[in-house]
Amino acid sequence: MSIGDLIRKLTPRKVREVMAYSDFDEYSRKVYSQEGEDLLLSRIFDHLPKGFYVDCGAHHPFLFSNTKLLYDKGWRGINIEPNPEVSDLFKRYRPNDMYCGVGVSEQKGTIPYYVYGHPALNTFDEAMVKSRSEKPIKQLLIETTPLAELLNQNLPPNTSIDLLTIDVEGFDLKVLKSNDCAKYPPNFIFVESNETTLEVVLISDFPIGASTQSLTCGTLRLSRAIESLAEGSEIV
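(A) Main features of the overall build of the protein chain. When helices and strands are counted, the protein chain shows 10 helices and 10 strands. Across the 236 residues that make up the protein chain, the buried fraction comes to 45%. A fraction of 68% describes how many contacts in the protein chain between residues 6 or more apart in sequence connect residues 24 or more apart.

(B) Layout of the sheet that holds strand β5 (residues 109-115). The strand order across the open sheet formed by 3 strands is β4-β6-β5, and the pairing between neighbours is mixed. Each end of this open sheet is capped by a strand with a single partner; those strands are β4 (103-104) and β5. Alignment of β5 against strand β6 (residues 138-145), held across 7 bridges, turns out to be antiparallel. When the bridges of β6 are listed, Thr110 appears paired with Glu143.

(C) The pairing of strand β1 (residues 52-56), seen in detail. Of all 5 residues making up β1, 5 are buried, and the element is well covered by its neighbours. Here β1 shows no split at all, with Phe52, Val54 and Cys56 on one side and Tyr53 and Asp55 on the other all buried. Pairing analysis gives 5 bridges linking β1 to strand β2 (residues 76-80), with the strands arranged parallel. Paired with Cys56 across the bridge in β2 is Ile80. Following the backbone out of β1, through helix α4 (residues 68-73) and into the adjacent parallel β2, one traces a crossover that is right-handed. The pairing of β1 with strand β7 (residues 163-166) spans 4 bridges and is classified as parallel. Within the sheet, the bridge partner assigned to Tyr53 lies in β7 and is Leu163.

(D) Highlighting the pattern of salt bridges. This structure, assessed with the given rule, holds 7 salt bridges. For Lys68, the salt bridge is made with Asp72, and the minimal N-O distance between the two is 2.6 Å. In this pair, Lys68 and Asp72 are both assigned in helix α4, 4 residues apart and thus about one turn of the helix distant. By relative accessible area, Asp72 is classed as partly exposed at 40%. In this structure, the salt-bridge partner of Glu143 is Lys108, at a minimum N-O distance of 3.3 Å. Taken together, the positions of Glu143 in strand β6 and Lys108 in the loop between β4 and β5 put the pair 35 residues apart, joining distant regions of the chain.

(E) Geometry of the nonpolar core. Of all hydrophobic cores here, the largest spans 26 residues; its most connected members are Val54, Ile80, Leu147, Leu151 and Ile166. If we skip the residues at most four places from it in the chain, Val54 touches Ile78, Ile80, Leu147, Leu151, Ile161, Leu163, Leu164 and Thr165. In this structure, Tyr53, Leu70, Leu163 and Phe188 belong to the second largest nonpolar core, which totals 9 residues.

Basis of the calculations
- Residues numbered from 1 in each chain as written.
- Predicted model: local features only at pLDDT ≥ 70, side-chain atom pairs only at ≥ 80, totals over all residues.
- Heavy atoms only, no water.
- Helix = DSSP H or I, 4+ residues; strand = E, 2+ residues; numbered from the N terminus.
- Buried < 20%, exposed > 50% of the residue type's maximum accessible area, 1.4 Å probe, protein only.
- Contact = heavy atoms within 4.5 Å.
- Pairing = 2+ DSSP bridges.
- Right-handed = clockwise from strand over helix to strand, strands pointing away.
- Salt bridge = Lys/Arg side-chain N within 4 Å of Asp/Glu carboxyl O.
- Core = buried A, V, L, I, M, F, W, Y, C linked by side-chain atoms within 4.5 Å.

Remember, this is a structural readout, not a statement about activity or role.
So, in structure tokens, the structure goes:
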């Protein structure tokens, strides 16, 4: 074990969190998302100091978050995350956001939610569970609601959605289909998709919305995310 590893092991978790997410280095750039996607989004919306996002599969208030950097800039939005263990964290660290502790799917109901040792792997997708070598540690029954219904209940009046970001481990297309894009058209959609290409999403049988400017498939590798962003199609 290296000296650095030993120091990290002996440092209390709360202290590590403060050190990891505080501005100790004036030359560093803060990144919260898994592969730097939030830097891309921050650059895309550099002209917009305040906006509104819907973060579906928000995961954690800052760990692997695509929207915390925007929150720090003054944006506000709705965080949707079915993992019951992070509810208090969102209320504590993102007090100016709204939080919905449910899953999102095309149908309203209650379905199995597979929980892993690393929460970033949590999923509703049974096929994804079967394809993985790592197995879930437990299974919960979680309420799911279509995105359109959640927006009906929580989107402030006269508010446009500047960014819809989706990272739900296999249910991404179901989330897109569950929205009423005629009523709630996001200006920009950012979707994690490890297997599906942008072209496949664009030809799938759901309406994105006539006023949606761009739809980008992000991936777990930053180089592929940048490539997808560069090739993003205009929706007209």
